[in-house]
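Each chain, written out:
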Amino acid sequence: MSEALLSRREGGVLILSNNNVAARNALSPAFYAALTGSLRQAATDPAVGAIVLTGEGGHFCSGGDLRQLAGRRELPQAERRERLEALHDLIRSLRDCPKPVIAAVEGAAAGAGLSLALACDMLVAAHDAVFSVAYVKVGLTPDGGATAFLAEFLSRQLLTELCLSGDRVSGARMAELGVVNRLTETGQALAAATTLAATLAQGPELAMARIKALCRHAPRNTLEEQLELEARDMVRSQETEESREGISAFLEKRRADFGRLRGKEER
């Protein structure tokens, strides 16, 4: 595993941590590659039930490395676009991973770091964490899906204000806007995210993957399109051992044991 990314397991929870502490966990090609690879490996690992993404040293991620961006100024546009696609491939990997991914945010989540946090399925943050669409401060425009993700929560007017001002927004304010799922005291985001992930890791693997996909498509689909996806997945889910176990457990007034089925269901 690259030192750009630290990895450890706590039961069924895989904790992945940005480890560029000297630069407040600014992003790098090494981090893109390490995190994308870890997500793809976890996607097919039955021992991993949920994933937590966080940062070392008290910060989630300060965004792109401006020194590297400055050095790319003279590169051909096609080459600059190719390097940007490494970030976008990472964002796609987060969104497409069938396992629940939870961001645990302390300190700053700025620029592409904000995009990274928003690409996760859920977000746990310290009340004094700082979120910022900071690109305008350095004459750049957002990337990593920041505008798409924020548009799922914010009015066009508020989205435009955040992007044009680059103002910092606290974790508490982001929770009020519906962006943050759990708000914690300073230093407690990772523990709270890991607890949440451990609960999710006990759930039905295949059903949760399908639910995650449904939730991802819902904001952009028409009602008819979403009804079609829901009907397809409900019919398919009724055939699984997960649903057999879940329904039996409910009728027998016991707790469902989905863990024994992990990795055994056909997708």
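Treat the numbers as computed from the prediction; the structure is a model and nothing was measured.

Cut-off values and rules
- Here the residue index of a chain counts from 1 through its sequence in written order.
- Given that the model is predicted, a residue must reach a pLDDT of at least 70 before its local features are reported, and side-chain atom pairs must reach 80 or more before they are shown or counted; all residues, however, enter totals for whole chains, interfaces and linings.
- As a convention, hydrogens and water are excluded, and side-chain values are obtained from all of the structure's heavy atoms.
- Here a strand is any run of E in DSSP of at least two residues, a helix any run of H or I of at least four, and the numbering for each starts at the N terminus.
- When a residue's accessible area, from a 1.4 Å probe over protein chains only, is under 20% of the maximum for its type it is buried; when over 50% it is exposed; and in between it is partly exposed.
- By definition in these notes, contact holds between two residues if any of their heavy atoms fall within 4.5 Å.
- Only the protein chains shown count as covering a residue, and every accessible area follows the Shrake-Rupley method with a 1.4 Å probe.
- Whether two strands pair comes down to DSSP finding at least two bridges between them.
- Axis angles are defined between N-to-C directions and span 0 to 180 degrees, where every axis is a line fitted to C-alpha atoms and, for a helix, only to the segment in contact.
- The split of the chain into domains comes from an automatic or database domain assignment.
- Buried surface area refers to the total accessible area, computed with a probe of radius 1.4 Å, that the two partners give up upon joining, counted for both partners together.
- Salt bridge criterion: a side-chain nitrogen from Lys or Arg within 4 Å of a carboxyl oxygen from Asp or Glu.
- One less than the residue count of a helix, multiplied by 1.5 Å, gives the span that helix is expected to have.
- The disulfide criterion is simple: two cysteine sulfur atoms within 2.5 Å.

K.L.:
Hey, could you go over the overall build of the protein chain for me, with residue numbers and the actual values?
P.N.:
A count of helices and strands for the protein chain gives 11 helices and 9 strands. Each of the three principal axes of the protein chain carries a C-alpha extent, and together these read 65 × 40 × 40 Å. In the protein chain, buried positions account for 44% of the 267 residues. In the protein chain, the proportion of contacts linking residues at least 24 apart, taken out of those at least 6 apart, comes to 71%. For the protein chain, the accessible surface area stands at approximately 13900 Å², while carbon and sulfur atoms represent 54% of it.

K.L.:
So, the side chain of Lys212: which residues are in play, and what are the values?
P.N.:
Tracing the sequence through the fold places Lys212 in helix α9 (residues 205-217). A relative accessible area of 9% places Lys212 in the buried class. Excluding its chain neighbours within four sequence positions, the residues that come into contact with Lys212 are Leu94, Arg95, Cys97, Pro98, Lys99, Val101 and Asp121.

K.L.:
Kindly report on the sheet that holds strand β5 (residues 108-110), identifying the contributing residues and their values.
P.N.:
The 3 strands are arranged β5-β7-β8 in an open sheet whose pairing can be described as mixed. Sheet topology places β5 and β8 (169-170) at the edges, where each strand pairs with a single neighbour. Direction of pairing for strand β7 (residues 130-132) relative to β8: antiparallel, over a ladder of 2 bridges. The residue bridging Val130 from the neighbouring strand is Ser170, located in β8. With respect to the sheet, helix α4 (residues 112-119) is in contact with β5 and β7, its orientation differing from that of β5 by roughly 100°.

K.L.:
Got a sec to walk through the domain arrangement of the protein chain? Specific residues and values, please.
P.N.:
Along its sequence, the protein chain is carved into domain 1 (5-201) and domain 2 (205-261). Using only C-alpha atoms to locate each centre, domain 1 and domain 2 end up separated by 27 Å. Each side of the interface is counted separately: domain 1 has 14 residues, and domain 2 has 7 residues. Between domain 1 and domain 2 lies a buried interface of about 780 Å² when both sides are counted; carbon and sulfur atoms form 50% of it. Of all residues in domain 1, the largest losses of buried area upon contact with domain 2 belong to Arg95, Pro98 and Glu152, amounting jointly to 48% of the total for that side. Applying the counting criterion to the domain 1 and domain 2 interface returns 3 salt bridges.

K.L.:
Give a description of the sheet that holds strand β2 (residues 13-18) that names residues and reports values.
P.N.:
Hydrogen bonds between backbone groups are what pair the strands of a sheet, and the pairing can be parallel or antiparallel. With mixed pairing, 6 strands are arranged side by side in an open sheet as β1-β2-β3-β4-β6-β9. Two strands in the sheet have a free side with no partner beyond their single neighbour: β1 (5-10) and β9 (182-184). Shown here is a sheet whose adjacent strand axes are inclined to one another by a mean of 20°, direction ignored. Pairing analysis gives 3 bridges linking strand β6 (residues 122-126) to β9, with the strands arranged parallel.

K.L.:
So what's going on with α9? Residues and values would help.
P.N.:
Between the first and last C-alpha of α9 there are 19 Å, a value that for 13 residues agrees with the 18 Å anticipated at 1.5 Å per step. All of the buried residues along α9 are Glu205, Leu206, Met208, Ala209, Arg210, Lys212 and Leu214. Tucked into the core, α9 has its buried residues touching α3 (77-96), β4 (101-105), α8 (189-200), α10 (223-237) and α11 (241-251).

K.L.:
Hey, could you go over the state of the cysteines for me, with residue numbers and the actual values?
P.N.:
Scanning all chains against the criterion turns up 0 disulfides. The thiol of Cys97 is unpaired, and the distance to the nearest cysteine sulfur, on Cys120, comes to 9.9 Å. The exposure class of Cys97 is buried, given its relative accessible area of 4%. Accessibility expressed as a relative area gives 4% for Cys120, which makes it buried.

K.L.:
An account of the pairing of β6 is requested, with residue identities and associated values reported.
P.N.:
Of all 5 residues in β6, 4 are buried; the element is thus mostly enclosed. Two elements, β4 and β6, share 4 bridges in a ladder whose sense is parallel. Along β6, the bridge assignment pairs Val105 with Ala125.

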